[in-house]
Amino acid sequence: MNDSHISGSGDLRCIYNQTPNSCCSVTGEDLVRSKLDAHPRVGCRLESRITSKVLRLWRIFGGATNRRAVQAGIAPYAIINATKAFLEDIIRLGGPDANVLCYKDPATFRYLELLGRMFPNAKFIHMVRDGRAVMASSFNETGETGDNLKVWQLVVSRLIRECAAIGSSRCINVRYETLVMHTEREMRRISEKLLKNISLVNRSYVLLNV
């Protein structure tokens, strides 16, 4: 896809993620969100559970493989631009204004490759938790693990590959355990990626996903 066909400059500055949903830790979530939200220029939002559904619909109706939409002249670029505008409004209206707006939605981050193209100036932070802790958490919640380890490995491996493809200047991986043990060091690294060259005039957007 040629990003020159997408309107705007791609003003989602950073996307933060911990995947999958079953491995999310309330402690880790509160730690990162509270640290980022404490920054005077950052305002973090909670997940709306809407954006991932919109992205799923985009894959169904907005792709170049949708012959009717292409013939009508609305796919892929018109639908991409409309989807992008919708995501920006959801984030912008989700809380008090700030220079950098964080948005939390684990399911949305699973569209990392698409988001990377849709918002070419975005930065992404992907948090990875130890698989053994993921399985322990899953067992405590459901009493079983099933294929969760395999699913976790597939999802995390794919996101790490997509993060690498986006490039280290835009996407970094953060280990949850490292963040807990070395909070200040890791938050400095996250903040440098997240807030570097922040505009004091134009609003920046962040998808926060834990």
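Residues numbered from 1 in each chain as written. Predicted model: local features only at pLDDT ≥ 70, side-chain atom pairs only at ≥ 80, totals over all residues. Heavy atoms only, no water.

- The chain is annotated in an unreviewed UniProt entry as Protein-tyrosine sulfotransferase from Echinostoma caproni.
- Taken directly from UniProt, the Sequence similarities (unreviewed entry) text for the chain runs: "Belongs to the protein sulfotransferase family."
- Taken directly from UniProt, the Catalytic activity (unreviewed entry) text for the chain runs: "L-tyrosyl-[protein] + 3'-phosphoadenylyl sulfate = O-sulfo-L-tyrosine-[protein] + adenosine 3',5'-bisphosphate + H(+)". (UniProt positions renumbered as here; feature names shortened; annotations may be inferred.)

**Quick notes on the state of the cysteines**
Then comes step 1: Scanning the model with the defined rule gives one disulfide in all.
Then comes step 2: What pairs with C163 in a disulfide is C171, and their sulfur atoms sit 2.0 Å apart. One disulfide, between C163 and C171, carries an S-S torsion of -115° and so falls in the left-handed class. Per residue, the accessibility class of C163 equals that of C171, and both read buried. (Disulfide = S-S within 2.5 Å. Buried < 20%, exposed > 50% of the residue type's maximum accessible area, 1.4 Å probe, protein only.)

**Some thoughts on helix 2 (residues 51-61)**
Then comes step 1: Inspection of helix 2 places T51, S52, V54, L55 and W58 among the buried residues, and these make up the whole buried set. Down the axis of helix 2, the buried set is contained in an arc of 160°. They therefore lie on one face.
Then comes step 2: Elements in contact with the buried residues of helix 2: helix 4 (77-92), helix 5 (106-109) and helix 6 (112-118). (Helix = DSSP H or I, 4+ residues; strand = E, 2+ residues; numbered from the N terminus. Arc of directions from axis to C-beta. Contact = heavy atoms within 4.5 Å.)

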